[in-house]
Amino acid sequence: MNTKELETDRLCLRQWRDDDLRVFAELNSDPVVMEYFPKCLERAESDSLADTCKQLITDRGWSFWAASLKESGAFIGFVGLHDPAYLPFSPCVEVGWRLHKNYWGQGYATEAANASLRFAFEELHLDEVVSFTTVRNQRSRSVMERLGMTNTGNNFNHPKIEPDHPLSEHVLYKITKSDWR
Ligand SMILES: CC(C)(COP(=O)(O)OP(=O)(O)OC[C@H]1O[C@@H](n2cnc3c(N)ncnc32)[C@H](O)[C@@H]1OP(=O)(O)O)[C@@H](O)C(=O)NCCC(=O)NCCS
């Protein structure tokens, strides 16, 4: 399949490159970026995550894309689509994001996620896309709300986090193709 790359006013969502890996490792090891994840990632774990996304993009055309600024070419993090198989409501396709903190507060996550939703509905012809995060991750919830996603109220315990862990309880948002239009 052709590798699909998306473009917005300010961003490219593109295939991963080796020279993204240093900044990706930096953001994955940053406790501020990773506040709502059970742990920061080591360099090898970060590289492996990038490699998984890269392989999925090669194989089927989409995943979490590497996001870069059109103006400077700087890599800023990832935004895109994923299909986790292990959640209580799987099969599903989620829209997700993780940016280096130098690039927060500029609307990049929402801009890139909107392009990802367009791809999900217009190219993959999905009926619905979900997004989820730990209850306290208000920045991420705000992205979901800016995208026009609805809080389903169906909170769930993330199966990869111990049930008594403070990050276990997740909110589940969704958007349908007709809501998105
Ligand atoms: C979640 C995350 C991507 C949100 O980043 P963000 O910068 O808050 O979100 P956006 O990129 O959509 O930017 C929105 C902000 O930019 C502001 N902004 C500035 N210029 C803007 C522009 N031109 N267009 C739109 N918004 C703009 C908005 O007002 C908003 O500010 P606010 O937070 O003060 O209300 C970021 O916090 C992150 O990477 N967190 C760590 C990873 C994570 O938790 N991922 C989700 C796990 S499920």
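As shown above, the structure is provided for reference.
Here the structure is a predicted model, which is why all the values come from computation and not from measurement. (Residues numbered from 1 in each chain as written. Predicted model: local features only at pLDDT ≥ 70, side-chain atom pairs only at ≥ 80, totals over all residues.)

S.K.: Describe the environment of Glu 169, and please don't skip the residues or the numbers.
M.R.: Turning to its location among the elements, Glu 169 is positioned in strand S9 (residues 169–176). Excluding residues within four positions of it along the chain, Glu 169 makes contact with Thr 134, Val 135, Asn 155 and Asn 157. (Helix = DSSP H or I, 4+ residues; strand = E, 2+ residues; numbered from the N terminus. Contact = placed C-beta atoms within 7 Å.)

S.K.: Describe the packing of helix H1 (residues 21–28) against helix H2 (residues 43–60), and please don't skip the residues or the numbers.
M.R.: Here H1 crosses H2 at 120 degrees, and the two axes come no closer than 9 Å. Comparing their axes, H2 and H1 come out oblique. Of the two elements, H1 crosses H2, and the hand of that crossing is right-handed. Contacts between H1 and H2 involve Leu 21, Phe 24, Ala 25 and Asn 28 on the former and, on the latter, Arg 43, Ser 46, Asp 47 and Ala 50. Of the residues that constitute the contact of H1 with H2, the class distribution is four nonpolar, two polar and two charged. (Axes fitted to C-alpha atoms, helices over the stretch in contact; angles between N-to-C directions. Parallel < 35°, antiparallel > 145°, perpendicular 65-115°, else oblique. Left-handed = near helix turned anticlockwise from the far one by under 90°. Nonpolar A, V, L, I, M, F, W, Y, C, P; charged D, E, K, R; others polar.)

S.K.: Explain the site of the ligand residue by residue, including any values.
M.R.: Inspection of the region around the ligand gives 18 residues, with Trp 104, Gly 107, Ala 109, Thr 110 and Thr 133 positioned closest. Elements supplying a minimum of two residues to the shell around the ligand: strand S5 (94–99), helix H3 (108–123) and helix H4 (138–146). By residue number, the principal contributor to the shell around the ligand is S5, which donates four residues. Residues that form the shell around the ligand fall into these classes: eight nonpolar, eight polar and two charged. (Near = placed C-beta within 6 Å.)

S.K.: How would you explain the nonpolar core if you had to name every residue and give the values?
M.R.: With 42 residues, the main nonpolar core has Trp 65, Ala 67, Val 79, Ala 112 and Ala 113 as its most contacted residues. With nine residues, H3 is the single largest residue contributor to this core. Setting aside anything within four residues of it in sequence, one finds Ala 112 in contact with Thr 8, Leu 11, Leu 13, Ala 67, Val 79 and Trp 97. (Core = buried A, V, L, I, M, F, W, Y, C linked by C-beta atoms within 7 Å. Buried ≥ 20, exposed ≤ 12 C-beta atoms within 10 Å, placed from the backbone.)

S.K.: Residues and numbers for unusual backbone geometry, please.
M.R.: Each neighbour pair has its own omega, and for Ser 90 with Pro 91 the value is 5 degrees, a cis peptide bond. With respect to the helices and strands, the residue Pro 91 is situated in the loop between strand S4 (75–82) and S5. Of note in this structure, His 125 is not a glycine but carries a positive phi near 55 degrees. For His 125, a count of 8 C-beta atoms within 10 Å gives the class exposed.

S.K.: Mind laying out H3, listing which residues take part and the relevant values?
M.R.: With 16 residues, H3 extends 22 Å from end C-alpha to end C-alpha; this agrees with the ideal 22 Å at 1.5 Å per step. Within H3 the residues assigned to the buried category are Tyr 108, Ala 109, Ala 112, Ala 113, Ala 115, Ser 116, Leu 117, Phe 119, Ala 120 and Phe 121. Positioned one or two residues after H3, His 125 has a phi angle of 55 degrees, which is positive. (Expected span 1.5 Å × (residues − 1).)

S.K.: Can you lay out H4 for me, pointing to particular residues and giving the numbers?
M.R.: Among the residues making up H4, those that are buried are Ser 140, Val 143 and Met 144. Axial view of H4: buried residues confined to an arc of 100 degrees, hence all on one face. Turned more than 90 degrees from where H4 packs its buried face, Gln 138 and Ser 142 sit exposed. Immediately beyond the C-terminal end of H4, within one or two residues, lies Gly 148, with a positive phi of roughly 85 degrees. (Arc of directions from axis to C-beta.)

S.K.: Break down the pairing of S9 for me, citing the residues and quoting the values.
M.R.: Of the strand pairs in this sheet, strand S6 (residues 128–134) and S9 are connected by seven bridges, and their pairing is antiparallel. Counterpart to Thr 133 in the pairing with S9 is Val 171. Judged from the two bridges that link them, strand S7 (residues 150–151) and S9 form a sheet pairing that is antiparallel. Counterpart to Asn 151 in the pairing with S9 is Tyr 173. Pairing analysis gives two bridges linking strand S8 (residues 156–157) to S9, with the strands arranged antiparallel. (Pairing = 2+ DSSP bridges.)

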